[in-house]
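If you want the building blocks of each chain, they are given just below.
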Amino acid sequence: MKLKHEDFLKDRAYIGGNWIKADGGKSFEVFNPADNSIISAVPDMGEKETLNAIQAADNALKGWSSLSAKKRAVVLKKWSELLIYYADFLAVLMTLEQGKPIAEAKSEVLYGADFFEWYAEEGKRAYGDIIPSPIDGARILVTKQAIGVCGIITPWNFPSAMIARKVAPALAAGCTVVCKPAEDTPLSALALAVLAEEAGLPAGVFNVVTGKDPVPIARAICMSDIVKKVSFTGSNEVGKVLMRTCSKTLKKISLELGGNAPFIVFDDADVEQAVEGAIISKYRNAGQTCICANRIYVHESVYDSFVEKFVAKVKMLKVGSGLDSKSVIGPLINEAAIQKVQEHIEDAISKGAKLVLGGSVHKLGHTFFEPTVLTDMNAEMRIATEEVFAPVAPIFKFKNEQKVIDLANATHYGLAAYFYSRDMARVWHVVESLEYGIVAVNTGSLSTEVAPFGGIKESGIGREGSKYGLDEYMELKYVLMSGLKQ
Ligand code: SIN
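All of these numbers come straight from a predicted model, not from anything done at the bench.

Participant: Explain the pairing of strand E8 (residues 176-180) here, please?
Facilitator: Taken residue by residue, a regular strand's side chains alternate between the two faces of the sheet. The buried count for E8 comes to 5 of 5 residues, which makes it a mostly enclosed element. A two-sided burial pattern is seen for E8, the buried positions comprising Thr-176, Val-178 and Lys-180 on one face and Val-177 and Cys-179 on the other. Of the strand pairs in this sheet, strand E7 (residues 149-153) and E8 are connected by 5 bridges, and their pairing is parallel. Bridging from a neighbouring strand, Val-149 pairs with Thr-176 of E8. Viewed along the sheet, the connection from E7 through helix H5 (residues 161-173) into E8 turns out right-handed. Relative to strand E9 (residues 206-208), E8 is paired through 3 bridges, and the arrangement is parallel. Across the sheet, the residue bridging to Cys-179 is Val-208, located in E9. The β-α-β motif built from E8, the intervening helix H6 (residues 186-199) and the parallel element E9 has right-handed crossover chirality.

Participant: Could you clarify how one ought to interpret the domain arrangement of the protein chain in this entry?
Facilitator: Accessible area lost on assembly of the parts is the figure often given for the size of an interface. Taken domain by domain, the protein chain comprises domain 1 (5-257 + 459-478) and domain 2 (261-447). Its C-alpha centre places domain 1 at a distance of 31 Å from the equivalent point of domain 2. Between domain 1 and domain 2, a total of about 2000 Å² is buried, with carbon and sulfur atoms accounting for 60% of that surface. Across the contact surface, domain 1 and domain 2 share 9 residue pairs in polar contact (both at pLDDT 80 or more). Put simply, the parts of the chain that give the side of domain 1 that touches domain 2 at least two residues each are helix H3 (87-98) and helix H4 (102-122). Among the elements that take part in the side of domain 1 that touches domain 2, H3 stands out by supplying 5 residues, more than any other.

Participant: Help me understand the site of the ligand, please; the structure alone is not making it clear to me.
Facilitator: The immediate surroundings of the ligand are formed by Tyr-111, Asn-157, Phe-158, Met-162, Arg-165, Glu-256, Arg-284, Thr-289, Cys-290, Ile-291, Ser-447 and Phe-453. Here Ser-447 contributes a side-chain N or O atom positioned 2.4 Å from an oxygen atom of the ligand. Protein burial of the ligand: of its 260 Å² of free accessible surface, 100% is covered by the chains. When its residues are assigned to classes, the shell around the ligand shows 6 nonpolar, 3 polar and 3 charged.

Reading the values: rules and limits
- Residues numbered from 1 in each chain as written.
- Predicted model: local features only at pLDDT ≥ 70, side-chain atom pairs only at ≥ 80, totals over all residues.
- Heavy atoms only, no water.
- Buried < 20%, exposed > 50% of the residue type's maximum accessible area, 1.4 Å probe, protein only.
- Helix = DSSP H or I, 4+ residues; strand = E, 2+ residues; numbered from the N terminus.
- Pairing = 2+ DSSP bridges.
- Right-handed = clockwise from strand over helix to strand, strands pointing away.
- Domains from an automatic or database assignment.
- Buried area = accessible area lost by both parts, 1.4 Å probe.
- Polar contact = N/O pair within 3.5 Å; in protein donor to acceptor, adjacent residues only side chain to side chain.
- Near = heavy atom within 4 Å.
- Areas by Shrake-Rupley, 256 points an atom, 1.4 Å probe, with all protein chains shown as cover.
- Nonpolar A, V, L, I, M, F, W, Y, C, P; charged D, E, K, R; others polar.

Okay, here's the thing in C-alpha coordinates:
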(Lines give C-alpha, C1' and ligand atoms only; values in the text may rest on other atoms or scores of the structure.)
Protein backbone atom coordinates (compact mmCIF):
# COMPACT_ATOMS: atom_id res chain seq x y z
CA MET A 1 0.00 0.00 0.00
CA LYS A 2 1.28 3.47 -0.84
CA LEU A 3 1.19 5.77 2.17
CA LYS A 4 0.13 9.40 1.94
CA HIS A 5 1.35 12.43 3.92
CA GLU A 6 -1.62 12.26 6.26
CA ASP A 7 -0.99 8.59 7.10
CA PHE A 8 2.12 9.68 9.02
CA LEU A 9 0.41 12.29 11.19
CA LYS A 10 -0.86 10.11 14.02
CA ASP A 11 -3.00 11.22 16.94
CA ARG A 12 -2.77 7.88 18.74
CA ALA A 13 0.04 6.00 20.43
CA TYR A 14 1.15 2.53 19.34
CA ILE A 15 0.87 -0.27 21.88
CA GLY A 16 0.70 -3.99 21.22
CA GLY A 17 0.20 -3.37 17.51
CA ASN A 18 -2.83 -1.13 18.11
CA TRP A 19 -3.24 2.61 17.64
CA ILE A 20 -4.77 3.76 20.87
CA LYS A 21 -5.89 6.82 22.82
CA ALA A 22 -4.90 7.53 26.40
CA ASP A 23 -7.15 6.10 29.10
CA GLY A 24 -9.75 8.83 29.59
CA GLY A 25 -8.98 10.25 26.14
CA LYS A 26 -6.58 12.99 27.34
CA SER A 27 -4.22 14.44 24.76
CA PHE A 28 -1.59 17.18 24.48
CA GLU A 29 -0.64 19.51 21.66
CA VAL A 30 2.51 19.39 19.59
CA PHE A 31 3.82 22.80 18.52
CA ASN A 32 5.87 24.02 15.60
CA PRO A 33 8.86 25.80 17.20
CA ALA A 34 9.13 28.13 14.18
CA ASP A 35 5.85 29.94 14.90
CA ASN A 36 4.28 28.22 17.90
CA SER A 37 1.38 26.97 15.76
CA ILE A 38 -0.29 23.70 16.76
CA ILE A 39 0.60 20.79 14.47
CA SER A 40 -1.51 18.13 16.10
CA ALA A 41 -2.33 16.46 19.41
CA VAL A 42 -1.20 13.07 20.71
CA PRO A 43 -2.31 10.92 23.66
CA ASP A 44 -1.29 12.13 27.10
CA MET A 45 -0.43 8.80 28.65
CA GLY A 46 1.02 7.88 32.01
CA GLU A 47 1.90 4.94 34.20
CA LYS A 48 -1.08 2.73 33.35
CA GLU A 49 -0.59 2.84 29.58
CA THR A 50 3.17 2.39 30.04
CA LEU A 51 2.59 -0.78 32.04
CA ASN A 52 0.30 -2.00 29.25
CA ALA A 53 3.03 -1.32 26.71
CA ILE A 54 5.59 -3.17 28.84
CA GLN A 55 3.20 -6.12 29.05
CA ALA A 56 2.70 -6.03 25.27
CA ALA A 57 6.48 -6.02 24.76
CA ASP A 58 6.83 -8.94 27.16
CA ASN A 59 4.09 -10.90 25.37
CA ALA A 60 5.92 -10.40 22.07
CA LEU A 61 9.37 -11.23 23.42
CA LYS A 62 9.32 -15.02 23.10
CA GLY A 63 8.15 -15.01 19.50
CA TRP A 64 10.54 -12.30 18.36
CA SER A 65 13.65 -13.51 20.21
CA SER A 66 13.19 -17.06 19.00
CA LEU A 67 13.12 -16.03 15.34
CA SER A 68 16.44 -16.49 13.57
CA ALA A 69 18.53 -13.34 13.18
CA LYS A 70 18.07 -13.76 9.44
CA LYS A 71 14.28 -13.57 9.75
CA ARG A 72 14.49 -10.53 12.02
CA ALA A 73 16.83 -8.96 9.47
CA VAL A 74 14.18 -9.21 6.74
CA VAL A 75 11.84 -6.96 8.74
CA LEU A 76 14.57 -4.52 9.81
CA LYS A 77 15.78 -4.15 6.24
CA LYS A 78 12.26 -3.54 5.03
CA TRP A 79 11.87 -0.89 7.73
CA SER A 80 15.08 0.77 6.51
CA GLU A 81 13.91 0.70 2.88
CA LEU A 82 10.59 2.27 3.83
CA LEU A 83 12.36 5.05 5.73
CA ILE A 84 14.38 5.80 2.61
CA TYR A 85 11.31 5.61 0.37
CA TYR A 86 9.25 7.97 2.55
CA ALA A 87 12.18 10.17 3.65
CA ASP A 88 10.69 13.33 2.12
CA PHE A 89 7.40 12.96 4.02
CA LEU A 90 9.18 12.13 7.25
CA ALA A 91 11.53 15.09 6.84
CA VAL A 92 8.60 17.52 6.56
CA LEU A 93 7.05 16.08 9.72
CA MET A 94 10.36 16.36 11.56
CA THR A 95 10.95 19.94 10.46
CA LEU A 96 7.44 20.86 11.56
CA GLU A 97 7.84 19.51 15.08
CA GLN A 98 11.57 20.09 15.64
CA GLY A 99 12.42 23.06 13.42
CA LYS A 100 15.62 21.81 11.76
CA PRO A 101 16.14 22.65 8.07
CA ILE A 102 14.48 20.22 5.72
CA ALA A 103 17.78 18.96 4.25
CA GLU A 104 19.06 18.16 7.74
CA ALA A 105 15.76 16.49 8.60
CA LYS A 106 16.01 14.28 5.53
CA SER A 107 19.58 13.36 6.29
CA GLU A 108 18.53 12.46 9.84
CA VAL A 109 15.84 10.12 8.46
CA LEU A 110 18.45 8.48 6.22
CA TYR A 111 20.91 8.28 9.13
CA GLY A 112 18.20 6.39 11.04
CA ALA A 113 17.58 4.09 8.06
CA ASP A 114 21.30 3.26 8.09
CA PHE A 115 21.02 1.89 11.62
CA PHE A 116 18.19 -0.48 10.65
CA GLU A 117 20.06 -1.67 7.59
CA TRP A 118 23.37 -2.10 9.40
CA TYR A 119 21.97 -3.91 12.46
CA ALA A 120 19.83 -6.17 10.28
CA GLU A 121 23.16 -7.64 9.17
CA GLU A 122 25.07 -7.30 12.43
CA GLY A 123 22.37 -9.24 14.31
CA LYS A 124 23.53 -12.28 12.30
CA ARG A 125 27.02 -11.91 13.75
CA ALA A 126 26.24 -12.11 17.47
CA TYR A 127 29.01 -14.66 17.83
CA GLY A 128 29.87 -16.42 21.06
CA ASP A 129 33.12 -18.12 22.05
CA ILE A 130 34.56 -21.50 22.84
CA ILE A 131 37.12 -21.36 25.64
CA PRO A 132 39.64 -24.18 26.17
CA SER A 133 38.56 -25.84 29.41
CA PRO A 134 40.95 -26.38 32.34
CA ILE A 135 38.88 -29.44 33.40
CA ASP A 136 39.14 -32.84 31.72
CA GLY A 137 35.97 -33.89 29.92
CA ALA A 138 34.50 -30.44 29.92
CA ARG A 139 33.82 -27.78 27.34
CA ILE A 140 33.23 -24.08 27.93
CA LEU A 141 30.99 -22.11 25.62
CA VAL A 142 29.93 -18.49 25.77
CA THR A 143 26.69 -17.57 24.05
CA LYS A 144 24.88 -14.26 23.65
CA GLN A 145 21.16 -13.87 24.23
CA ALA A 146 18.71 -11.00 23.95
CA ILE A 147 18.49 -9.18 27.26
CA GLY A 148 14.67 -8.94 27.11
CA VAL A 149 12.25 -6.03 27.16
CA CYS A 150 14.01 -2.68 26.77
CA GLY A 151 12.82 0.80 27.66
CA ILE A 152 14.16 3.59 25.52
CA ILE A 153 13.76 7.27 26.28
CA THR A 154 14.76 9.63 23.50
CA PRO A 155 15.43 13.37 22.99
CA TRP A 156 13.85 16.12 20.87
CA ASN A 157 17.01 17.18 18.99
CA PHE A 158 17.09 14.02 16.84
CA PRO A 159 13.46 12.82 16.98
CA SER A 160 13.96 9.88 14.60
CA ALA A 161 17.62 8.82 14.43
CA MET A 162 18.08 8.53 18.19
CA ILE A 163 15.18 6.06 18.27
CA ALA A 164 16.62 4.13 15.32
CA ARG A 165 20.07 4.05 16.95
CA LYS A 166 18.60 2.27 19.99
CA VAL A 167 15.75 0.24 18.49
CA ALA A 168 17.74 -1.24 15.60
CA PRO A 169 20.35 -3.04 17.76
CA ALA A 170 17.73 -3.95 20.37
CA LEU A 171 15.49 -5.62 17.81
CA ALA A 172 18.39 -7.18 15.93
CA ALA A 173 19.49 -8.78 19.21
CA GLY A 174 15.98 -10.21 19.71
CA CYS A 175 14.73 -7.73 22.32
CA THR A 176 11.38 -5.95 22.28
CA VAL A 177 11.02 -2.24 23.04
CA VAL A 178 8.88 0.36 24.76
CA CYS A 179 9.80 3.80 23.47
CA LYS A 180 9.03 7.10 25.18
CA PRO A 181 9.79 9.89 22.69
CA ALA A 182 10.43 13.46 23.83
CA GLU A 183 7.20 15.32 24.57
CA ASP A 184 8.24 18.10 22.13
CA THR A 185 8.68 15.69 19.19
CA PRO A 186 6.44 12.60 19.40
CA LEU A 187 5.28 12.72 15.77
CA SER A 188 8.46 11.35 14.18
CA ALA A 189 8.37 8.44 16.65
CA LEU A 190 4.78 7.62 15.73
CA ALA A 191 5.69 7.88 12.04
CA LEU A 192 8.44 5.32 12.68
CA ALA A 193 5.78 3.04 14.15
CA VAL A 194 3.64 3.49 11.01
CA LEU A 195 6.54 2.13 8.98
CA ALA A 196 7.32 -0.62 11.51
CA GLU A 197 3.78 -1.90 10.97
CA GLU A 198 4.15 -1.57 7.22
CA ALA A 199 7.45 -3.48 7.35
CA GLY A 200 5.68 -6.39 9.05
CA LEU A 201 7.07 -6.02 12.56
CA PRO A 202 4.97 -8.28 14.81
CA ALA A 203 2.59 -6.59 17.27
CA GLY A 204 4.19 -5.64 20.59
CA VAL A 205 7.81 -5.73 19.38
CA PHE A 206 7.98 -1.93 19.12
CA ASN A 207 5.64 0.21 21.23
CA VAL A 208 5.46 4.00 21.45
CA VAL A 209 3.98 5.64 24.56
CA THR A 210 3.42 9.39 24.32
CA GLY A 211 2.90 11.69 27.30
CA LYS A 212 3.33 15.32 28.24
CA ASP A 213 4.84 14.51 31.63
CA PRO A 214 7.82 12.19 31.13
CA VAL A 215 8.12 11.35 34.84
CA PRO A 216 5.37 8.71 35.34
CA ILE A 217 6.29 7.01 32.06
CA ALA A 218 10.02 6.95 32.77
CA ARG A 219 9.41 5.83 36.34
CA ALA A 220 7.17 2.96 35.23
CA ILE A 221 9.86 1.84 32.77
CA CYS A 222 12.73 2.11 35.26
CA MET A 223 10.87 0.47 38.17
CA SER A 224 9.46 -2.42 36.14
CA ASP A 225 10.68 -5.95 36.88
CA ILE A 226 9.88 -6.89 33.30
CA VAL A 227 12.10 -4.25 31.67
CA LYS A 228 15.69 -5.51 31.72
CA LYS A 229 17.46 -2.61 30.06
CA VAL A 230 17.01 1.15 29.78
CA SER A 231 18.70 3.32 27.19
CA PHE A 232 18.40 7.09 27.47
CA THR A 233 19.69 10.07 25.49
CA GLY A 234 19.26 13.45 27.14
CA SER A 235 20.49 15.63 29.96
CA ASN A 236 22.96 14.60 32.67
CA GLU A 237 20.49 15.59 35.37
CA VAL A 238 17.79 13.26 34.06
CA GLY A 239 20.33 10.52 33.26
CA LYS A 240 21.41 10.44 36.89
CA VAL A 241 17.81 10.22 38.13
CA LEU A 242 17.10 7.34 35.73
CA MET A 243 20.24 5.53 36.85
CA ARG A 244 19.20 5.85 40.48
CA THR A 245 15.69 4.62 39.68
CA CYS A 246 17.01 1.69 37.64
CA SER A 247 19.21 0.67 40.57
CA LYS A 248 16.07 -0.59 42.37
CA THR A 249 15.93 -3.50 39.94
CA LEU A 250 19.63 -3.40 38.96
CA LYS A 251 18.82 -2.89 35.31
CA LYS A 252 21.45 -2.64 32.66
CA ILE A 253 21.55 0.99 31.50
CA SER A 254 23.04 2.99 28.64
CA LEU A 255 23.24 6.76 28.91
CA GLU A 256 24.14 9.19 26.15
CA LEU A 257 24.25 12.49 28.00
CA GLY A 258 25.55 15.98 27.43
CA GLY A 259 28.84 17.14 25.99
CA ASN A 260 31.08 20.18 26.00
CA ALA A 261 33.15 19.45 22.92
CA PRO A 262 36.50 21.18 22.51
CA PHE A 263 37.46 22.01 18.92
CA ILE A 264 41.20 22.71 18.74
CA VAL A 265 42.99 24.34 15.81
CA PHE A 266 46.76 23.88 16.11
CA ASP A 267 49.36 26.12 14.46
CA ASP A 268 50.06 23.49 11.76
CA ALA A 269 46.38 23.06 10.83
CA ASP A 270 44.89 23.72 7.44
CA VAL A 271 42.96 26.79 8.56
CA GLU A 272 40.46 26.76 5.65
CA GLN A 273 39.54 23.16 6.43
CA ALA A 274 39.36 23.90 10.15
CA VAL A 275 36.91 26.73 9.46
CA GLU A 276 34.74 24.40 7.34
CA GLY A 277 34.81 21.75 10.05
CA ALA A 278 33.99 24.22 12.81
CA ILE A 279 30.97 25.53 10.88
CA ILE A 280 29.63 22.01 10.34
CA SER A 281 30.20 20.94 13.90
CA LYS A 282 28.99 24.16 15.53
CA TYR A 283 25.89 25.08 13.53
CA ARG A 284 24.34 21.69 12.73
CA ASN A 285 20.79 21.66 14.10
CA ALA A 286 21.26 25.32 15.17
CA GLY A 287 23.89 24.18 17.66
CA GLN A 288 21.51 21.78 19.36
CA THR A 289 23.53 18.56 19.34
CA CYS A 290 25.51 16.90 22.12
CA ILE A 291 28.58 16.82 19.89
CA CYS A 292 28.53 20.45 18.70
CA ALA A 293 31.83 22.32 19.03
CA ASN A 294 31.24 24.01 22.36
CA ARG A 295 34.67 25.61 22.88
CA ILE A 296 36.79 26.53 19.89
CA TYR A 297 40.48 26.83 20.86
CA VAL A 298 42.70 28.41 18.20
CA HIS A 299 46.49 28.74 18.37
CA GLU A 300 47.60 32.37 18.64
CA SER A 301 49.60 32.16 15.40
CA VAL A 302 46.49 31.36 13.31
CA TYR A 303 43.88 32.99 15.55
CA ASP A 304 43.25 36.19 13.55
CA SER A 305 43.13 34.39 10.23
CA PHE A 306 40.77 31.72 11.63
CA VAL A 307 38.42 34.31 13.18
CA GLU A 308 38.29 36.37 9.99
CA LYS A 309 37.49 33.38 7.75
CA PHE A 310 35.08 31.86 10.26
CA VAL A 311 33.07 35.07 10.72
CA ALA A 312 32.86 35.56 6.94
CA LYS A 313 31.31 32.09 6.58
CA VAL A 314 28.95 32.45 9.53
CA LYS A 315 27.59 35.68 8.02
CA MET A 316 26.43 33.63 5.04
CA LEU A 317 24.35 31.16 7.11
CA LYS A 318 20.70 31.83 6.34
CA VAL A 319 18.33 31.76 9.29
CA GLY A 320 14.72 30.90 8.58
CA SER A 321 11.92 28.40 8.61
CA GLY A 322 13.23 24.88 8.17
CA LEU A 323 10.66 24.36 5.41
CA ASP A 324 12.44 26.97 3.27
CA SER A 325 15.10 24.94 1.44
CA LYS A 326 17.54 27.89 1.63
CA SER A 327 17.57 28.00 5.45
CA VAL A 328 20.51 26.42 7.22
CA ILE A 329 19.64 27.57 10.74
CA GLY A 330 16.14 26.92 12.01
CA PRO A 331 14.53 28.02 15.27
CA LEU A 332 15.63 26.88 18.71
CA ILE A 333 13.31 24.38 20.33
CA ASN A 334 11.59 26.77 22.79
CA GLU A 335 11.70 30.05 24.74
CA ALA A 336 13.72 28.48 27.55
CA ALA A 337 16.51 27.79 25.05
CA ILE A 338 16.50 31.47 24.03
CA GLN A 339 16.73 32.57 27.64
CA LYS A 340 19.64 30.22 28.32
CA VAL A 341 21.65 31.39 25.29
CA GLN A 342 21.10 35.03 26.21
CA GLU A 343 22.35 34.35 29.73
CA HIS A 344 25.44 32.61 28.37
CA ILE A 345 26.24 35.53 26.06
CA GLU A 346 25.69 38.15 28.77
CA ASP A 347 27.89 36.20 31.17
CA ALA A 348 30.70 35.91 28.61
CA ILE A 349 30.57 39.60 27.70
CA SER A 350 30.54 40.65 31.36
CA LYS A 351 33.76 38.64 31.83
CA GLY A 352 35.57 40.17 28.85
CA ALA A 353 34.37 38.37 25.71
CA LYS A 354 34.00 40.36 22.49
CA LEU A 355 30.76 39.97 20.54
CA VAL A 356 31.91 39.81 16.93
CA LEU A 357 28.68 38.69 15.30
CA GLY A 358 25.02 38.16 16.24
CA GLY A 359 24.13 37.93 19.90
CA SER A 360 20.38 38.59 19.73
CA VAL A 361 17.06 37.09 18.84
CA HIS A 362 16.85 37.11 15.03
CA LYS A 363 14.58 39.64 13.31
CA LEU A 364 12.21 36.76 12.50
CA GLY A 365 11.53 36.79 16.25
CA HIS A 366 10.15 34.02 18.44
CA THR A 367 12.80 31.30 18.85
CA PHE A 368 15.02 32.24 15.92
CA PHE A 369 18.47 33.26 17.14
CA GLU A 370 21.27 34.95 15.22
CA PRO A 371 24.34 32.84 14.51
CA THR A 372 26.75 34.30 17.03
CA VAL A 373 30.54 34.50 17.36
CA LEU A 374 32.30 35.45 20.59
CA THR A 375 36.06 35.94 20.78
CA ASP A 376 38.48 36.61 23.67
CA MET A 377 36.84 33.83 25.66
CA ASN A 378 38.36 32.59 28.93
CA ALA A 379 37.96 29.68 31.33
CA GLU A 380 35.99 31.75 33.89
CA MET A 381 32.99 32.10 31.59
CA ARG A 382 30.00 29.75 31.98
CA ILE A 383 30.31 28.57 28.38
CA ALA A 384 33.73 27.11 29.23
CA THR A 385 32.09 24.48 31.42
CA GLU A 386 28.41 24.39 30.39
CA GLU A 387 26.77 22.97 27.29
CA VAL A 388 25.71 25.81 24.93
CA PHE A 389 23.04 24.08 22.77
CA ALA A 390 22.58 27.16 20.56
CA PRO A 391 24.20 28.72 17.46
CA VAL A 392 26.93 30.43 19.46
CA ALA A 393 30.62 29.90 18.65
CA PRO A 394 32.93 30.87 21.52
CA ILE A 395 36.56 31.24 20.39
CA PHE A 396 39.47 30.95 22.84
CA LYS A 397 43.13 31.74 22.06
CA PHE A 398 45.88 29.36 23.22
CA LYS A 399 49.68 29.26 23.16
CA ASN A 400 50.84 25.78 23.98
CA GLU A 401 49.85 22.18 23.29
CA GLN A 402 49.82 20.82 26.83
CA LYS A 403 47.89 23.81 28.14
CA VAL A 404 45.16 23.40 25.53
CA ILE A 405 44.90 19.67 26.21
CA ASP A 406 44.49 20.43 29.92
CA LEU A 407 41.83 23.06 29.16
CA ALA A 408 40.02 20.68 26.81
CA ASN A 409 39.93 18.02 29.53
CA ALA A 410 38.91 20.42 32.32
CA THR A 411 35.25 19.40 32.28
CA HIS A 412 33.02 16.66 33.69
CA TYR A 413 31.93 15.94 30.14
CA GLY A 414 33.72 13.48 27.85
CA LEU A 415 31.63 12.90 24.72
CA ALA A 416 33.25 14.29 21.56
CA ALA A 417 36.40 16.30 20.85
CA TYR A 418 37.77 17.66 17.57
CA PHE A 419 41.16 18.92 16.52
CA TYR A 420 43.05 19.98 13.41
CA SER A 421 46.74 19.27 12.89
CA ARG A 422 48.94 17.83 10.15
CA ASP A 423 51.77 16.65 12.40
CA MET A 424 51.35 12.88 12.84
CA ALA A 425 53.30 12.67 16.09
CA ARG A 426 51.16 15.46 17.54
CA VAL A 427 47.98 13.82 16.20
CA TRP A 428 48.62 10.58 18.10
CA HIS A 429 49.73 12.35 21.27
CA VAL A 430 46.61 14.52 21.31
CA VAL A 431 44.26 11.64 20.41
CA GLU A 432 45.62 9.66 23.35
CA SER A 433 45.56 12.61 25.75
CA LEU A 434 42.00 13.79 25.18
CA GLU A 435 39.57 12.35 27.76
CA TYR A 436 36.70 11.79 25.35
CA GLY A 437 34.80 8.80 23.99
CA ILE A 438 35.01 10.20 20.44
CA VAL A 439 37.90 12.13 18.90
CA ALA A 440 37.60 13.53 15.36
CA VAL A 441 40.83 14.59 13.66
CA ASN A 442 40.74 17.08 10.76
CA THR A 443 36.96 16.83 10.34
CA GLY A 444 33.89 18.38 11.88
CA SER A 445 31.53 15.54 11.22
CA LEU A 446 31.78 12.09 12.78
CA SER A 447 28.37 10.42 13.01
CA THR A 448 27.96 7.03 11.38
CA GLU A 449 26.17 3.81 12.24
CA VAL A 450 29.39 1.77 11.87
CA ALA A 451 31.30 3.46 14.73
CA PRO A 452 30.72 3.41 18.49
CA PHE A 453 29.11 6.68 19.60
CA GLY A 454 29.26 7.46 23.31
CA GLY A 455 31.00 9.28 26.09
CA ILE A 456 33.18 8.82 29.13
CA LYS A 457 33.17 10.70 32.45
CA GLU A 458 29.73 12.29 32.99
CA SER A 459 28.80 12.11 29.32
CA GLY A 460 27.47 8.63 29.75
CA ILE A 461 27.75 4.89 29.80
CA GLY A 462 27.72 2.50 26.87
CA ARG A 463 28.04 2.88 23.12
CA GLU A 464 25.58 3.15 20.25
CA GLY A 465 26.27 2.04 16.69
CA SER A 466 28.81 -0.55 15.49
CA LYS A 467 29.32 -4.08 16.83
CA TYR A 468 29.70 -2.60 20.33
CA GLY A 469 26.17 -1.23 20.18
CA LEU A 470 24.72 -4.71 19.75
CA ASP A 471 26.35 -5.94 22.98
CA GLU A 472 24.38 -3.33 24.93
CA TYR A 473 21.23 -5.38 24.24
CA MET A 474 22.66 -8.85 24.89
CA GLU A 475 23.64 -10.90 27.92
CA LEU A 476 26.53 -13.32 27.97
CA LYS A 477 25.84 -16.86 29.06
CA TYR A 478 28.72 -19.08 30.15
CA VAL A 479 27.85 -22.72 29.44
CA LEU A 480 29.96 -25.40 31.12
CA MET A 481 29.38 -28.81 29.55
CA SER A 482 30.91 -31.43 31.77
CA GLY A 483 31.01 -35.25 31.88
CA LEU A 484 32.18 -35.51 28.29
CA LYS A 485 35.09 -37.90 28.99
CA GLN A 486 34.61 -41.24 27.27
C1 SIN B 1 23.49 13.83 19.57
O2 SIN B 1 23.55 15.04 19.59
O3 SIN B 1 23.38 13.20 20.60
C4 SIN B 1 23.53 13.01 18.33
C5 SIN B 1 24.39 13.51 17.27
C6 SIN B 1 24.66 12.50 16.20
O7 SIN B 1 24.38 11.31 16.32
O8 SIN B 1 25.20 12.91 15.18
